[in-house]
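Understanding the architecture of this molecule
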Protein chains: 4
Amino acid sequence: MSYPMPAKELGIALIGTGFMGKCHAMAWRNVAAVFGGVHPRLEILNDVTEEAAQNYARQFGFARATARWEDAINDPKVDVVSITAPNGMHRPMAEAALRAGKHVWLEKPMALTLDDARAMAALAAQHPDQKTILGYNYLRSPAFQSARKMVTDGVIGKPVAFRGVYDEDYSADPLLPWSWRMTHEGGGLGALGDLGCHLVSQMIALMGPVTEVVAQTQIVVSTRNSPEGPKPVENEDSALALLRFASGAQGSFATSRVARGRKCRLQWEVHGTDGTLVFDQENMNELWLHRHGEAGFTRHLTGPDQPDFAAFCPAPGHNFGFNEQKVVEARDLLRAIAGGAACGPDFIQGLEIEKIIHAMATSHGSVVHIER
Amino acid sequence: MSYPMPAKELGIALIGTGFMGKCHAMAWRNVAAVFGGVHPRLEILNDVTEEAAQNYARQFGFARATARWEDAINDPKVDVVSITAPNGMHRPMAEAALRAGKHVWLEKPMALTLDDARAMAALAAQHPDQKTILGYNYLRSPAFQSARKMVTDGVIGKPVAFRGVYDEDYSADPLLPWSWRMTHEGGGLGALGDLGCHLVSQMIALMGPVTEVVAQTQIVVSTRNSPEGPKPVENEDSALALLRFASGAQGSFATSRVARGRKCRLQWEVHGTDGTLVFDQENMNELWLHRHGEAGFTRHLTGPDQPDFAAFCPAPGHNFGFNEQKVVEARDLLRAIAGGAACGPDFIQGLEIEKIIHAMATSHGSVVHIER
Amino acid sequence: MSYPMPAKELGIALIGTGFMGKCHAMAWRNVAAVFGGVHPRLEILNDVTEEAAQNYARQFGFARATARWEDAINDPKVDVVSITAPNGMHRPMAEAALRAGKHVWLEKPMALTLDDARAMAALAAQHPDQKTILGYNYLRSPAFQSARKMVTDGVIGKPVAFRGVYDEDYSADPLLPWSWRMTHEGGGLGALGDLGCHLVSQMIALMGPVTEVVAQTQIVVSTRNSPEGPKPVENEDSALALLRFASGAQGSFATSRVARGRKCRLQWEVHGTDGTLVFDQENMNELWLHRHGEAGFTRHLTGPDQPDFAAFCPAPGHNFGFNEQKVVEARDLLRAIAGGAACGPDFIQGLEIEKIIHAMATSHGSVVHIER
Amino acid sequence: MSYPMPAKELGIALIGTGFMGKCHAMAWRNVAAVFGGVHPRLEILNDVTEEAAQNYARQFGFARATARWEDAINDPKVDVVSITAPNGMHRPMAEAALRAGKHVWLEKPMALTLDDARAMAALAAQHPDQKTILGYNYLRSPAFQSARKMVTDGVIGKPVAFRGVYDEDYSADPLLPWSWRMTHEGGGLGALGDLGCHLVSQMIALMGPVTEVVAQTQIVVSTRNSPEGPKPVENEDSALALLRFASGAQGSFATSRVARGRKCRLQWEVHGTDGTLVFDQENMNELWLHRHGEAGFTRHLTGPDQPDFAAFCPAPGHNFGFNEQKVVEARDLLRAIAGGAACGPDFIQGLEIEKIIHAMATSHGSVVHIER
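Below: a short report on this structure. (Residues numbered from 1 in each chain as written. Chains lettered and ligands numbered in written order. Predicted model: local features only at pLDDT ≥ 70, side-chain atom pairs only at ≥ 80, totals over all residues. Heavy atoms only, no water.)

This next bit is on the interface of chain B and chain C. Every contact between the two is made by 42 residues of chain B and, on the other side, 42 residues of chain C. A buried area of about 3,300 Å², summed over both sides, lies between chain B and chain C, and 49% of it is on carbon and sulfur atoms. For the pair chain B and chain C, the number of links is two salt bridges. Across the salt bridge formed by Arg-299 of chain B and Glu-282 of chain C, the nearest N and O atoms sit 3.0 Å from each other. (Contact = heavy atoms within 4.5 Å. Buried area = accessible area lost by both parts, 1.4 Å probe. Salt bridge = Lys/Arg side-chain N within 4 Å of Asp/Glu carboxyl O.)

Printed below as a string of structure tokens:
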């Protein structure tokens with residue numbers, strides 16, 4: 001491999017065992033088999049009850065279990081903490097891990113509030129030898145890495161426009177009951193925090209920094225039933241935005257959690273002076289490129305000519321999977337720990353994403369300037 | 001047929017013989033063969049020189065030719081005037097035709113300026129017995145008509161969001177020379193006037209009136225060569241907008257004439273509370289529908305179950321063509337003249353489209369309220 | 001235009017007013033408007049009753065009407081006869097027209113039986129100054145013409161394999177009543193005669209002559225209801241075949257009239273030593289090309305760079321329609337009459353298609369050699 | 001989970017470390033994390049040199065390494081042998097493993113010759129308590145499992161036709177040098193053995209047993225360069241076939257290793273009396289279903305409603321990957337060992353696949369009856 005990997009065994013703590021918890025576990029189990037290096041030691045797993053913790057530790061192959069997350073973080077045999085707990089726990093857990101001298105792999109969104117994100121970024125800046133990485137897994141697919149490289153290499157000329165959406169429909173059903181996730185205090189932002197931040201992570205990777213945002217949000221299902229009766233939904237079901245980039249390019253942005261029939265439509269296009277790139281995560285193994293002089297758009301199927309695919313499979317057209325993105329993410333963190341290329345987005349870069357989604361959430365149709 | 005068609009022969013004058021002139025000619029020649037009714041009489045054709053006028057009159061099958069457009073309009077044997085001349089001539093020609101007592105089929109955009117459009121709408125209002133129709137041909141395809149009917153019939157529930165783009169790349173080449181079409185005085189708006197107005201016509205047909213617009217525009221190629229040296233491009237290469245509709249729905253909007261690889265990407269989606277509709281004019285015979293409870297999106301190929309297709313072809317999947325949209329447009333005008341359903345957009349409805357694109361052109365990131 | 005068109009007005013007779021009859025009428029009305037040349041004179045129309053003939057003559061713009069097809073054919077003012085009557089009438093009508101000295105535009109399939117087709121080809125050979133053309137309209141689309149040219153020009157190297165299907169579902173419903181079209185005597189072949197012959201027409205245009213066929217057929221719905229009770233379906237619902245071409249290439253072939261959900265799936269691919277071409281008539285404005293060294297398949301949207309499109313529309317991506325194929329077909333016949341490039345397939349070339357589909361119908365799993 | 005998994009730890013030997021060797025390793029590492037049960041013990045790895053064996057044992061996490069495959073197979077701590085060595089070694093290795101009392105996971109194709117396959121199936125029949133499974137991984141994707149279930153459940157009525165291809169282009173380049181893999185003795189069959197057998201595995205899973213085959217093969221690049229000069233390619237570059245199934249259905253079949261631009265086009269459709277199913281492995285997370293009464297084909301994106309997906313990811317539209325198919329395959333073997341549902345295809349079922357591909361290879365245009 002062309003990058004360093006840790007020469008010593010690293011001890012891993014995993015907090016959370018849901019969608020992302022299992023995904024981290026699979027990644028930790030396979031990262032060295034795929035990319036080489038020393039296999040990490042799956043040291044301790046935390047879930048909310050002792051029984052769940054022990055069951056999942058057994059299933060995921062962790063040596064020990066605990067129902068106290070502080071114990072997982074402070075365990076002396078732990079070097080890296082994977083945090084996949086609910087958003088409201090991100091700040092306390094990540095800060096505890098940083099203070100305990102650990103590297104941190106934290107799921108997105110970074111935090112409930114912009115103040116939280118600022119505090120976390122500031123703390124990370126005080127611990128430069130500990131690496132942080134946020135779970136923006138869609139940055140890791142071979143197709144996206146290839147797209148980003150094409151833009152950087154000038155394959156489509158100078159980027160002049162971005163058009164992006166991230167739509168799902170998990171909240172479209174009006175009979176879906178009310179949850180604390182739909183409140184500012186419990187869930188933070190809505191579609192922007194859950195989906196929009198992923199799109200922002202790709203957008204700035206492709207287009208560079210954002211300088212201005214104008215946005216409007218919408219709550220489509222304004223009250224939902226709870227055992228105590230109807231309660232208001234506080235955070236946005238969808239958001240729309242226009243953007244200006246530092247480069248002079250412009251862009252449009254949309255995200256929705258109530259878009260019927262959309263399951264993982266993280267779809268964008270970059271218009272360059274010499275060509276256009278188009279991507280849709282629902283078909284994450286296809287990248288569409290048009291260059292000046294060609295007849296139309298060409299389908300680039302994921303294959304070993306794209307970054308990181310060959311480590312998984314030598315054969316083009318043999319699809320890369322969602323979970324494998326997370327193996328690349330684990331590798332990125334390990335590589336950074338070993339002194340290689342910085343992983344990203346870390347907490348400091350992640351703050352830039354938070355500024356943008358919070359600007360969208362509070363624009364109400366007026367221009368918001370994004371501070372750098 | 002289920003609608004009235006003119007019982008008497010109508011005399012037609014055609015002004016212009018380019019892209020749209022030929023398209024009108026083909027439509028006039030076939031409208032009665034397709035839909036029944038009395039065949040219109042192709043009376044007189046106008047082009048800029050006598051020779052061109054005579055040649056095209058022969059090719060298109062018009063009885064007479066003239067190099068003076070006023071003569072075509074004022075000809076006593078003419079009942080309907082097809083105006084396909086450059087945008088700057090739309091107002092004088094349309095006003096002359098209305099004053100001469102003629103029905104008018106006018107290509108879009110309606111006029112160079114919003115003031116022109118207001119004057120034309122006001123004059124049309126004074127001539128209620130003369131029918132006007134604007135060349136928003138994309139409204140006429142069976143797929144679009146079907147989509148509009150689905151939205152109206154509540155197939156996707158209440159529409160809550162619109163996402164639309166109309167992108168082409170005819171101005172993407174920076175070596176394309178400067179033209180008067182790129183000036184405010186000669187060409188009026190840029191991408192908004194040429195492409196965006198089509199998208200607005202579909203958007204309001206699907207979503208109803210717009211109340212607010214926030215937009216920004218972009219000139220990607222700011223100067224172009226002319227025989228006298230470089231000259232500035234004055235009107236926009238692209239525009240992005242956010243919208244609020246009177247219904248409470250929200251929307252995003254984009255148009256570009258510099259989008260490499262896009263040839264007729266008039267693409268939109270309507271998000272409803274119970275489903276989603278998706279369309280792309282580059283595949284104008286496909287409409288994609290997802291409804292609550294279904295597995296995903298279903299492809300609706302154009303067929304005789306969609307409005308107006310059966311008059312052209314009894315067999316589904318046998319593609320409807322761009323030019324055939326114009327045959328439906330001719331039929332819509334004839335039907336209105338015969339006292340049937342109003343054709344649309346007429347000059348009065350067309351003014352609404354003009355207000356929106358001019359609001360986009362002048363928003364510069366601030367909210368513009370659209371007067372009704 | 002770069003080809004001759006008739007300098008004198010030709011009188012047209014049209015026999016039949018159904019799907020294809022209307023399609024011929026629209027084509028005759030517009031062919032000169034699109035391609036130049038002298039407009040044909042729509043002389044006389046034949047339908048089975050006087051009333052129908054008169055009504056359709058009025059709608060389609062023919063000067064006279066008759067319920068006797070012989071009168072239409074023998075009319076001294078008629079130069080060209082369009083035959084769109086049921087298949088069983090093809091031979092008598094076409095022979096009568098040839099004997100009356102007329103040019104013939106005949107819908108496919110050429111005839112009910114191979115013997116009929118041989119007789120018709122022989123008679124046409126005796127009338128070399130009268131042009132014949134068969135209604136293989138799918139050969140006329142810009143995308144197909146472009147594909148054929150690419151193959152001929154060696155864009156994909158030497159063609160080594162063909163894979164083709166033509167599937168529809170118009171007979172899939174088992175409740176569809178029995179019809180004489182499902183008998184050998186009344187309808188001739190089944191899916192092969194109705195659909196398969198179109199695929200053969202494209203296949204030999206792309207791949208050259210066929211030397212061997214192995215095929216099997218299938219009747220999926222073996223009896224259907226009639227007012228007199230259940231009756232057997234005699235001709236095939238579907239057929240499958242393997243082919244060898246004179247060039248050494250090989251191929252597979254399939255056609256079905258009972259393929260649920262398929263509406264006009266005339267889909268094929270040509271594998272060459274240097275590339276691959278893929279087409280599907282349901283998206284007739286897309287051609288997909290891969291060439292050695294490129295990343296994947298590139299979408300070629302129909303545009304003025306493809307043959308004959310520019311005469312209809314100067315703008316790429318503005319879809320060509322099914323009916324417009326027929327305008328090109330009319331032009332091909334007129335051009336041949338005017339002494340230009342031979343139109344094809346004429347009756348002699350059409351016989352080659354008939355030999356292949358009849359070989360498929362009678363192979364029953366054994367190799368059939370195709371005589372030249 | 002709804003099926004038994006081994007209660008005791010099983011020792012694994014892995015033979016081979018290439019494309020499939022790594023794939024087996026990743027699967028063994030994650031199968032229990034994904035599906036539960038006791039984690040297998042990665043006991044010993046075999047590669048052709050000691051150094052390679054030790055390096056890969058370290059990377060894949062196996063406890064020991066050996067350059068002698070017999071030692072891996074006969075190791076007393078080994079319960080299951082993963083065989084991913086070249087095809088010519090399949091028979092001796094698999095027989096040795098069966099004789100040593102081990103369960104066997106063998107990559108496809110089963111063997112070089114039909115005689116070899118018969119012998120292996122016979123031996124497996126003598127060891128009914130040892131489970132065998134062949135690496136037909138494409139049977140394991142959620143989309144394929146869902147398709148198979150739909151067919152079995154009658155969602156598309158009675159299946160009447162199959163159309164399938166499996167095309168890649170790895171041998172398309174004529175400059176690719178000669179290899180022993182292109183000989184009968186060294187490589188066995190060509191495209192049929194490498195690709196076609198996968199398509200057969202899916203075909204019989206969907207359609208049931210095959211009774212008759214007619215086929216033809218083709219060698220497109222007949223000689224290739226070697227250090228000793230040009231040498232002949234002996235096995236087929238492509239094959240085409242027609243099929244009859246015991247059910248009365250019919251089918252067509254094609255496979256090629258020289259199809260330019262195709263990377264993993266394992267594409268098929270099943271025509272049923274009430275609907276049609278369409279699949280393409282290059283988009284392995286999409287299944288297209290049309291049912292009688294619906295407008296067209298509906299896209300079914302892989303999600304937790306399809307078999308086995310939820311164990312990997314709870315979110316629909318979050319793509320399943322090629323390698324994850326192999327995790328399901330490992331689970332299938334473990335489940336069978338634990339006394340659950342038989343995995344398939346085992347060696348006895350695999351022989352059926354071999355009979356069909358060898359019949360295709362030797363048909364030369366004549367009907368071959370497949371014995372049961």
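Let us look at the interface of chain A and chain D. Counting residues at the interface gives 42 residues for chain A and 42 residues for chain D. Here chain A and chain D share an interface that buries about 3,300 Å² over both sides, 49% of which is from carbon and sulfur atoms. On the chain A side of the contact with chain D, Arg-29, His-318 and Asn-319 of chain A bury the most area, a combined 18% of that side's loss. Applying the counting criterion to the chain A and chain D interface returns 37 residue pairs in polar contact (both at pLDDT 80 or more). For the side of chain A that touches chain D, the elements supplying multiple residues, two or more each, are helix H1 (19–35), helix H2 (50–60), strand S16 (298–301) and helix H9 (322–337) of chain A. Broken down by element, the side of chain A that touches chain D gets its largest block of residues, nine residues, from H1 of chain A. (Polar contact = N/O pair within 3.5 Å; in protein donor to acceptor, adjacent residues only side chain to side chain. Helix = DSSP H or I, 4+ residues; strand = E, 2+ residues; numbered from the N terminus.)

Attention shifts here to the side chain of Asp-47 of chain C. Among the secondary structure elements, Asp-47 of chain C is positioned in the loop between strand S2 (41–46) and helix H2 (50–60). Polar contacts involving the side chain of Asp-47 of chain C include one to the side chain of Thr-17 of chain C, which spans 2.7 Å.

What follows concerns the sheet that holds strand S5 (residues 103–106) of chain D. All names here are of chain D. Read from one edge of the open sheet, six strands run S3-S2-S1-S4-S5-S6, paired in parallel fashion. Of all the strands in the sheet, just strand S3 (64–66) and strand S6 (132–134) have a single pairing partner and so form its edges. Along the sheet, successive strands turn relative to each other by an average axial angle of 15°, direction set aside. Note: strand S1 (residues 11–15) against strand S2 (residues 41–46), five bridges, orientation parallel. The partner of Gly-11 across the bridge, within S2, is Arg-41. (Pairing = 2+ DSSP bridges. Axes fitted to C-alpha atoms, helices over the stretch in contact; angles between N-to-C directions.)

Turning our attention to the packing of aromatic side chains. In total, this model carries 42 aromatic pairs over all chains according to the counting rule given. Arranged with centres 5.5 Å apart and planes meeting at 90°, the rings of Phe-35 of chain D and Phe-312 of chain D form a pair that is edge-to-face. With Phe-35 of chain D in helix H1 (residues 19–35) and Phe-312 of chain D in the loop between strand S16 (298–301) and helix H9 (322–337), this residue pair connects regions lying 277 residues apart in the sequence. On the accessibility criterion, Phe-35 of chain D (2% relative accessible area) is buried. When its relative accessible area of 3% is taken as the criterion, Phe-312 of chain D is described as buried. An aromatic cluster is present here, built from Phe-19, Tyr-138, Tyr-166 and Phe-322 of chain A joined pairwise through their rings. Across from the ring centre of Trp-178 of chain A, 4.4 Å away, lies the NZ or CZ of Lys-231 of chain A, which sits over that ring. We note Arg-331 of chain B situated over the ring of Phe-35 of chain B; from NZ or CZ to the ring centre the distance is 4.6 Å. (Phe/Tyr/Trp six-rings, centres within 6.5 Å; stacked < 30°, edge-to-face > 60°. Buried < 20%, exposed > 50% of the residue type's maximum accessible area, 1.4 Å probe, protein only. Lys NZ or Arg CZ within 6 Å of the ring centre and 35° of its normal.)

This brings us to the pairing of strand S11 (residues 238–245) of chain B. Residue and element names in this part refer to chain B. Of all eight residues making up S11, seven are buried, and the element is well covered by its neighbours. Two strands pair when backbone bridges link them, and strand S8 (residues 210–218) and S11 are joined in this way by eight bridges, in the antiparallel orientation. Considered in S11, the bridge of Glu-212 is made with Arg-244. Here S11 runs beside strand S12 (residues 250–256); their pairing, made up of seven bridges, is antiparallel. Residue pairing across strands places Ala-239 opposite Thr-255, the latter belonging to S12. Hairpin connection from S11 to S12: four residues lie between these consecutive antiparallel strands, with Gly-248 at a positive phi of about 100°.

As a further point, take the sheet that holds strand S6 (residues 132–134) of chain C. For sheets, the rule is that strands pair by backbone hydrogen bonds, running either parallel or antiparallel. Residues and elements named next belong to chain C. Taken together, the six strands give an open sheet; going across it, the order is S3-S2-S1-S4-S5-S6, and neighbouring strands pair in parallel fashion. Each end of this open sheet is capped by a strand with a single partner; those strands are strand S3 (64–66) and S6. Each neighbouring strand pair of the sheet contributes to a mean axis angle of 15°, computed without reference to strand direction. Relative to strand S1 (residues 11–15), helix H1 (residues 19–35) is tilted by about 165°, and along the sheet it contacts S1, S2, strand S4 (80–83) and strand S5 (103–106). In this fold helix H4 (residues 90–99) packs onto S1, S4, S5 and S6, with an angle of close to 160° to the strand it touches most, S5.

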